[in-house]
Amino acid sequence: MPNAPHSTATDRPATGAMSHALRALVSVGLVVPLAIALMGSDHRDGPGTTADRAADIADLYAFHDLPGNKLTTVLTFAGLGAAGAPAVYDPDVVYTINIDTNADQTPEFSLKCHFSTSGGNTLLMVDGLPGRTGTTTSQVEAVTDTGAGQKLFAGLRDDPFFFDLDGFHMTLDKAASDSTLLFNNTRDFFAGTNVTAIVLEMKLSDVTASGANPNLQLWATTERSSIRNAMIPALHHDDQALVARK
């Protein structure tokens, strides 16, 4: 299960496995050879979205391990957190990770996650986890192993996304006749910033229970439960991890 450290006030530890995910908006085919881990980014949204940090999706990652029969999803949000700032656990926000197994643009699995405070402890609550019934809970900042092929984690982590924003602007500012790219792979705009992450590990066979090898298409959404319960359109953010959806 990816478990990258968070940034401290003095340095930025290595981000671990999550930082090497391929950045792309494509579907993953679970066929031989299997596609590698993929991700779709949603950093730096407009002011209306970024103002609600708890509901602002940064990235959705997906990893598979065919020999180990595992599928792992990583949803990050509340990006650009300063070193030393705490994780964001808003009990009013519902995070949904959708998994479409037959490319019909309709999820066969919708993993609904939210946070709850009980007895002074903050818990991650997950409904719809493949291979489980009811609600699965996990103490934040700790890995919970169900013992039945699922693991859960939620907590503060170093943002694994890499992007050279300075190089991007310098490339755009060049003359149109100059095709030189001015990116530098040692210059990371997100270095030293944190996100809050929800990491879910499940059995791959519980997702592809038919025995076939479908294309898995994943995307994530957030909404505020108080707005939804008031029966007005929800404040809704969307990030497409493995398939572009508009």
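Below is a summary of the structure that appears in this document.

The rules we used
- Residues numbered from 1 in each chain as written.
- Predicted model: local features only at pLDDT ≥ 70, side-chain atom pairs only at ≥ 80, totals over all residues.
- Heavy atoms only, no water.
- Phe/Tyr/Trp six-rings, centres within 6.5 Å; stacked < 30°, edge-to-face > 60°.
- Helix = DSSP H or I, 4+ residues; strand = E, 2+ residues; numbered from the N terminus.
- Buried < 20%, exposed > 50% of the residue type's maximum accessible area, 1.4 Å probe, protein only.
- Salt bridge = Lys/Arg side-chain N within 4 Å of Asp/Glu carboxyl O.
- Polar contact = N/O pair within 3.5 Å; in protein donor to acceptor, adjacent residues only side chain to side chain.
- Contact = heavy atoms within 4.5 Å.
- Core = buried A, V, L, I, M, F, W, Y, C linked by side-chain atoms within 4.5 Å.

This part takes up the packing of aromatic side chains. The tally for this structure, following the rule as stated, stands at four aromatic pairs. Aromatic rings pair up to connect Phe77, Tyr89, Tyr95 and Phe115 into one cluster.

As a further point, take unusual backbone geometry. The backbone of Asn69 shows a phi angle near 55 degrees, a positive value even though the residue is not glycine. Among the secondary structure elements, Asn69 is positioned in the loop between strand E4 (57–65) and strand E5 (70–81). One non-glycine residue, Gln105, lies in positive phi territory at about 65 degrees. Mapped onto the fold, Gln105 is located in the loop between strand E6 (93–100) and strand E7 (109–118). Looking at Gln105, the relative accessible area reads 36%, which means it is partly exposed.

With that out of the way, let us pick up the pattern of salt bridges. All chains considered together, the criterion is met by three salt bridges. Close ionic contact of Arg224 with Asp90 constitutes a salt bridge, the shortest N to O distance being 2.8 Å. Residue Arg224 is found in strand E13 (residues 215–224), and its partner Asp90 is found in the loop between E5 and E6; the two are separated by 134 residues along the sequence. With a closest N to O distance of 3.3 Å, Arg224 and Asp92 form a salt bridge. On the criterion of sequence distance, the pair formed by Arg224 in strand E13 and Asp92 in the loop between E5 and E6 is long-range, its members being 132 residues apart. Using a relative accessible area of 16% as the deciding quantity, one classes Arg224 as buried. Bridged by salt links that share partners, the residues Asp90, Asp92 and Arg224 form one connected network.

Now for the side chain of Gln150. When you line up the elements, Gln150 lands in the loop between strand E10 (144–145) and strand E11 (151–158). At 2.7 Å, the side chain of Gln150 and the side chain of Thr146 are in polar contact. Here Ala148 takes part through its backbone oxygen, which lies 3.2 Å from a polar atom of the side chain of Gln150. Excluding its chain neighbours within four sequence positions, the residues that come into contact with Gln150 are Leu129, Pro130, Gly131, Arg132, Thr144, Asp145, Glu201, Met202 and Asp206.

What follows deals with the environment of Glu223. On the secondary structure map, Glu223 appears in strand E13. Along the backbone, Glu223 and Asp56 are 167 residues apart, and their C-alpha atoms lie at a distance of 9.5 Å.

With that settled, consider the nonpolar core. With 31 residues, the main nonpolar core has Tyr95, Ile99, Phe115, Leu124, Ile198, Leu200 and Met202 as its most contacted residues. Of all hydrophobic cores here, the second largest spans six residues; its members include Tyr61, Phe63, Val74 and Ala197.

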